[in-house]
Amino acid sequence: MAIMRVSNLKKSYGNLEVLKKVTFEIEKNDVVAVIGPSGSGKSTMLRSLVHLEQIDAGSIQIGDEFLVKDGKYASVQEIKQITARMGMVFQHFNLFPHLTVKENLELAPRIVKGEAEAEVDKRSKELLAKVGLSDKADAYPSKLSGGQKQRVAIARALMMKPDILLFDEPTSALDPELTGEVLQVIKQLAEEHMTMIVVTHEMGFAREVANQVMFMDNGEFIESGEPESFFRNPQSDRAKAFLQRVL
Ligand code: ADP
Ligand code: MG
């Protein structure tokens, strides 16, 4: 069953048409790698899914609920509920600098969801252990490496128990030697069947971890497929040209 259905998304910034007719479906447990040239609309697409951007036309359906249907958005309350089913991890971590690691994890569950302190405390400890950062619970983000910050950001997103996790180039801001520890966490989540959309420049990672690759160029998905066949035998000229540049 599709957990996310997106059809004919359109979005412009002024005269610039950034998303043209973006259409795709994600099944539960899918790990989708979104690849494509810089400026092709990948971030705008992800941001639209969690309502950080407002689209101009099209539909976004999560499960059987519409965030937006034929350009018409759900109510503010519904939007809140629907977007809460998705977690987002950004390129630049976006941690709260004045809060400790543990406080970063616990803020949204406490404030947004009003969860009990004991429950939130238990879960944040579990998730910090999961990303290998139990010893950093009381550290401030400024004391962490980029790789550690990104692992905190992933744990923070997981605190909200999302049905789908979205990553926007999670390793692009990292020194090369720190990308592995972040990709390893994402890989582990994939093995646990977390449903994920990962915008990435890491072709090796896409090939190894994703079960579906979607290639975006100039505001639309041009081609998608299983990683093996996509990377071995891309069909469109644009995907061929892109892969020649990056591989
Ligand atoms: P990608 O993530 O694939 O690099 P983006 O979604 O960031 O692409 O950007 C797609 C296009 O939209 C680019 O041409 C970019 O300059 C433009 N763009 C992105 N955000 C804005 C904005 N807030 N205002 C105007 N143009 C934007
Ligand atoms: Mg981007």
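Small disclaimer: the values here were computed from a predicted structure and weren't measured.

Considerations on the sheet that holds strand β9 (residues 195-199)
Then, number 1: In spatial order, the strands read β7-β8-β9-β3-β10-β11; together these 6 strands make up an open sheet with mixed pairing. Pairing within the sheet leaves two strands with one partner each, and these edge strands are β7 (86-89) and β11 (220-225). If you compare each strand with its neighbour and ignore which way they point, the axes differ by 20° on average.
Then, number 2: On top of the sheet, helix α5 (residues 146-159) reaches β7 and β8 (164-168); it is set at about 170° to β7, its chief contact.

Overview of the UniProt feature "domain: ABC transporter" (unreviewed entry) in the protein chain
Then, number 1: According to UniProt, the "domain: ABC transporter" (unreviewed entry) feature falls on residues 4-243.
Then, number 2: The span residues 4-243 shows a helical share of 38% and a strand share of 28%, and its end C-alpha atoms are spaced 27 Å apart.

Concerning the site of ligand 1
Then, number 1: In the vicinity of ligand 1, the contacting residues are Y13, L16, V18, P37, S38, G39, S40, G41, K42, S43 and T44.
Then, number 2: The contact in question runs from an oxygen atom of ligand 1 to an N or O atom on the backbone of G41, over 3.0 Å.
Then, number 3: Separating an oxygen atom of ligand 1 from a side-chain N or O atom of S43 is a distance of 2.8 Å.
Then, number 4: Considering ligand 1 on its own, with 560 Å² of exposed area, one finds that the protein chains cover 58% of that surface.
Then, number 5: Secondary structure elements with two or more residues in the shell around ligand 1: β2 (16-27) and α1 (42-49).
Then, number 6: The element contributing the most residues to the shell around ligand 1 is α1, with 3 residues.
Then, number 7: Class assignment for the residues of the shell around ligand 1 results in 4 nonpolar, 6 polar and 1 charged.

Quick word on the packing of helix α3 (residues 101-111) against helix α4 (residues 117-130)
The description of two packed helices rests on the angle between their axes and on the distance between the axes.
Then, number 1: In the contact formed by α3 and α4, the axes pass within 10 Å of each other and the chain directions differ by 135°. By the angle between their axes, α3 is oblique relative to α4. The handedness of the crossing between α3 and α4 comes out as right-handed. Contacts between α3 and α4 involve V101, K102, L105, E106, P109 and R110 from the first element and E117, V120, D121, R123, S124, K125, L127 and L128 from the second.

Some remarks on unusual backbone geometry
As a rule of thumb, non-glycine residues mostly have phi less than zero, and peptide bonds are mostly trans rather than cis.
Then, number 1: A positive phi is found at H51, a non-glycine position, where the angle reads about 65°.
Then, number 2: Examined against the element boundaries, H51 turns out to sit in the loop between α1 and β4 (57-62).
Then, number 3: Backbone geometry at D70 places phi at a positive 50°, although glycine is not the residue there.
Then, number 4: For D70, a relative accessible area of 66% gives the class exposed.

Notes on the side chain of K42
Then, number 1: Assignment of secondary structure puts K42 in helix α1.
Then, number 2: No salt bridge is formed by the buried K42; its nearest oppositely charged neighbour, E169, is found at 4.4 Å.
Then, number 3: Leave out the neighbours within four places in its chain, and K42 touches V34, I35, G36, P37, E169, V199 and M216.

Quick word on the sheet that holds strand β1 (residues 2-13)
Then, number 1: As summarised here, the arrangement of the 5 strands in space is β2-β1-β4-β5-β6, forming an open sheet in which the pairing is antiparallel. Where the open sheet ends on each side, the last strands, each with one partner, are β2 and β6 (72-73).
Then, number 2: Relative to strand β5 (residues 65-69), β4 is paired through 3 bridges, and the arrangement is antiparallel. Paired with I62 across the bridge in β5 is E65.
Then, number 3: Each of β1, β2, β4 and β5 is contacted by α1, which is oriented at about 60° to β2, the strand it contacts most.
Then, number 4: Seen against the sheet, helix α2 (residues 76-83) touches β4, β5 and β6 and runs at an angle of roughly 120° to β5.

The rules behind these values
Residues numbered from 1 in each chain as written. Chains lettered and ligands numbered in written order. Predicted model: local features only at pLDDT ≥ 70, side-chain atom pairs only at ≥ 80, totals over all residues. Heavy atoms only, no water. Pairing = 2+ DSSP bridges. Helix = DSSP H or I, 4+ residues; strand = E, 2+ residues; numbered from the N terminus. Axes fitted to C-alpha atoms, helices over the stretch in contact; angles between N-to-C directions. Contact = heavy atoms within 4.5 Å. UniProt positions renumbered as here; feature names shortened; annotations may be inferred. Near = heavy atom within 4 Å. Polar contact = N/O pair within 3.5 Å; in protein donor to acceptor, adjacent residues only side chain to side chain. Areas by Shrake-Rupley, 256 points an atom, 1.4 Å probe, with all protein chains shown as cover. Nonpolar A, V, L, I, M, F, W, Y, C, P; charged D, E, K, R; others polar. Parallel < 35°, antiparallel > 145°, perpendicular 65-115°, else oblique. Left-handed = near helix turned anticlockwise from the far one by under 90°. Buried < 20%, exposed > 50% of the residue type's maximum accessible area, 1.4 Å probe, protein only. Lys, Arg positive; Asp, Glu negative; His and termini not counted. Salt bridge = Lys/Arg side-chain N within 4 Å of Asp/Glu carboxyl O.

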